[in-house]
Amino acid sequence: MLSQSILIFVAVTDYVLASSHHHRVNSPMLLPWEYGIRNLARRPVRSGLTLAALSIVVLLIMVVVGFIRGLEVSLAESGDPDVVLIYSVSAGENIESSAIAARTPDLLTSSIAGTVDRFGVTFSSPEIYLGTRIVSENGTGGLGLIRAVSERSPLVRRQVRLVEGKWPGRGEVMAGNLAAAKLGVDPAQLVIGRKILFEGQEWKISGRFVASGTAFESEIWCNLPEFQAATKRQDISLVALLLPPQSSSAELTLFCKERTDLELQAVRETEYYAALQQYYRPVRLLAWLVVLLVAGAGLFAGMNMMYGAIAGRIREIATLQAVGYRRRAILLSLIQEGVVMAAAASLLAGLFALSVLNGHAVRFTMGAFALKIDSFALIVGCGTGLILGALGALPPAIKALRQSVAVCLKAI
Amino acid sequence: MRILNTLVAGFILTLVGCGEGDGKANTQAPSAPVTSAYTLSSEPADAIAVGAARETAENDKSITVVGRIGGSEKPFVDGLAAFTIVDLKVAYCAEDEGCPTPWDYCCNQKDVKSNVATVKLVDEAGKPVSGDARELLGVKELSEVVVQGTAKRDDQGNLSLAVSKVFVRAGK
């Protein structure tokens, strides 16, 4: 027991005196940076476990923030600022429940000047937007989103790019990059050549499209007249009109107000998705609450671990005090250990999140979106990790430093 | 030791290199009552109600109509000095009902359809005036206004008024 104490005393003083004699020229004397770092390596199992626990906490925070960011970015980028949506005033903010007369696109383009028109083709896209059950070839499936469009749609829906296959012909559809995630089916079920079943009809997949991570990517697009025949619908859900850049949609709004018989409303696509953002605000608040809970749990777990770690080093801390180091310097060194550990954990979690989880498709009511581990998610995750590292070390370190040096030197 | 130092340095560099600005301001200018070339100082006589105007107004003939601004959640048109008015006889949601947007007549929508007209402010050349009617006329939702202009009715019974002068009733 006594010999063990002497050994610790000799080892600590020898190392500290050897590595920091130049620091002692001016007081106050701080423990050398290497001391804290080497301490971490001296207890590899304990340090490894702490690192793993902190990494998991930081990773969880990054995933939840990535979820929030993915949802926000997906909705924010889905709206084209030059596109105005014309749909039923009774639909409120839900285009799926909108039904307007099929003649509306022609009526609008003949009554309103200002929509983009090139070579006699007006940039308007009449569409049916519908949520319906979709079944793949192997019998799996779920509620999917169908957008029935005309061949003029790409003129208005400028985010959409066909990356594989061809534009759907008769009896064909093209699937968005996240459509499989939305349906909850194996992506192999939605490759070109496969067939899917919806609205009592079999459709062959002719192409795959991307849309810069917007909500369109979770949809399946088909031909408008054919879908109208399949669903026995003569109406449409909406008309999307492309306006020249920076132009006002006031004339369209005025037209909708004047023609009360048509019961239409004109909403900029950006405003539509901004309203959806508001709709999903409780979900985002809940996600932030999860971040707080995870961080809180991580803080207590980290504190518990540091209490254990510091309790085992009571004699070492007392020895440092005995050789002349002030409590503040020892406290700083202990916090340094915690922060270095948290920084390493944040790096590991960040690397894992970026390389494995970033872009992972998440299924959601409005479709699907990609988990977005961006700079914001990294900063929140790493920042929380660092705070946990510093705060977690503080209470046990203070507790250890408050005890008498003489008592601590005799501690078992 | 060196590996740990490298990790710490890498962490700091990662944080520094991840900056990304995406701030977007979302401001809404408050409307302030003003006296403009489009406002009248005294109330014109012989104004008819919106419901009656929808029945009797003749195309391109002068008309004076009285009504209350409302009819939908957003009765004003952004970017143009235009709005919808509803016949005064149609009741809107009472204040004690706690409706946040009583001007949309959500409690009485069935009566609005046949008692609503669109008002657009036009200049001397007859072109719609750009801007916000709230700022140009000092009006807001549920303001009672008497408008002077020309009428346009279509086959579906929709009434549109191109007005050059507006009187805003006090206290509304």
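Scoring rules and cut-offs
Per chain, residues are indexed from 1 in the order of the written sequence. Chains carry letters from A onward and ligands carry numbers from 1 onward, assigned in written order. Confidence filtering applies because this is a predicted model: local features only for residues at pLDDT of at least 70, side-chain atom pairs given and counted only at 80 or more, and all residues used for totals across whole chains, interfaces and linings. Backbone-placed C-beta atoms define the burial measure: a residue is buried with 20 or more other C-beta atoms within 10 Å of its own, exposed with 12 or fewer, and partly exposed in between. Counting from the N terminus, the helices are DSSP H or I runs at least four residues long and the strands are E runs at least two residues long. When DSSP finds at least two bridges between two strands, those strands are taken to pair. Lines are fitted to the C-alpha atoms to define the axes, a helix being fitted only along its stretch in contact, and any angle between axes, read from their N-to-C directions, falls within 0 to 180 degrees. Throughout this description, any angle smaller than 35 degrees is read as roughly parallel, any larger than 145 degrees as roughly antiparallel, any in the 65 to 115 degree range as roughly perpendicular, and the remainder as oblique. Contact between residues is assigned whenever the C-beta positions, reconstructed from backbone atoms, fall within 7 Å. The nonpolar class holds Ala, Val, Leu, Ile, Met, Phe, Trp, Tyr, Cys and Pro. Asp, Glu, Lys and Arg form the charged class, and all remaining residues, Gly among them, are polar. The predictor attaches a confidence to each residue, called pLDDT, with possible values from 0 through 100. Note on terminology: a nonpolar core is any set of buried Ala, Val, Leu, Ile, Met, Phe, Trp, Tyr and Cys residues joined through C-beta atoms within 7 Å.

Another point: the pairing of strand β8 (residues 195-198) of chain A. All names here are of chain A. Burial of the side chains of β8 is restricted to one face: Ile196 and Phe198 are buried, whereas none of Lys195 and Leu197 on the reverse face is. Here β8 runs beside strand β9 (residues 201-210); their pairing, made up of four bridges, is antiparallel. Bridged to Lys195 within β9 is Lys204. Joining the antiparallel neighbours β8 and β9 is a turn of two residues, in which Glu199 adopts a positive phi near 50°.

This brings us to the packing of helix α3 (residues 44-78) of chain A against helix α9 (residues 269-279) of chain A. Residue and element names in this part refer to chain A. One way to put it is that α3 packs onto α9 with a least axis distance of 7 Å and a crossing angle of 160°. By the angle class used here, α3 and α9 are roughly antiparallel. For the pair α3 and α9, the contacting residues are Glu72, Leu75, Ala76 and Ser78 in the first and Tyr273, Leu276 and Gln277 in the second. Within the contact of α3 with α9, the residues separate by chemical class into four nonpolar, two polar and one charged.

Turning our eyes to something else, we now look at the confidence of the model for chain B. Residue and element names in this part refer to chain B. Here chain B averages 80 in pLDDT, while 79% of its residues score no lower than 70. Least confident of the elements in chain B is helix α1 (residues 2-17), whose mean pLDDT is 45; most confident is strand β3 (residues 82-86), at 95. Counting interchain partners and residues more than four positions distant, the pLDDT-below-50 stretch residues 7-32 has 23 contacts. Scored as a whole, the predicted complex attains pTM 0.71, and scored at its interfaces, ipTM 0.75.

Quick look at the environment of Glu226 of chain A now. Residues and elements named next belong to chain A. Turning to its location among the elements, Glu226 is positioned in helix α7 (residues 224-231). In this structure Glu226 comes out as partly exposed when scored by C-beta crowding, with 18 C-beta atoms within 10 Å. Note: C-alpha distance between Glu226 and Ser90 (136 residues apart in sequence) is 26 Å.

Below, the discussion takes up the nonpolar core. One finds Val58, Ile61, Met62, Val84, Ile86, Ile220 and Leu241 of chain A to be the most contacted residues of the largest nonpolar core, which totals 93 residues. Not counting residues within four places of it along the chain, the set of residues in contact with Leu241 of chain A comprises Val83, Val84, Ile86, Leu108, Thr115 and Ser124 of chain A. Core analysis: the next-biggest nonpolar cluster, separate from the first, contains 39 residues, Val50, Val65, Phe83 and Val86 of chain B among them.

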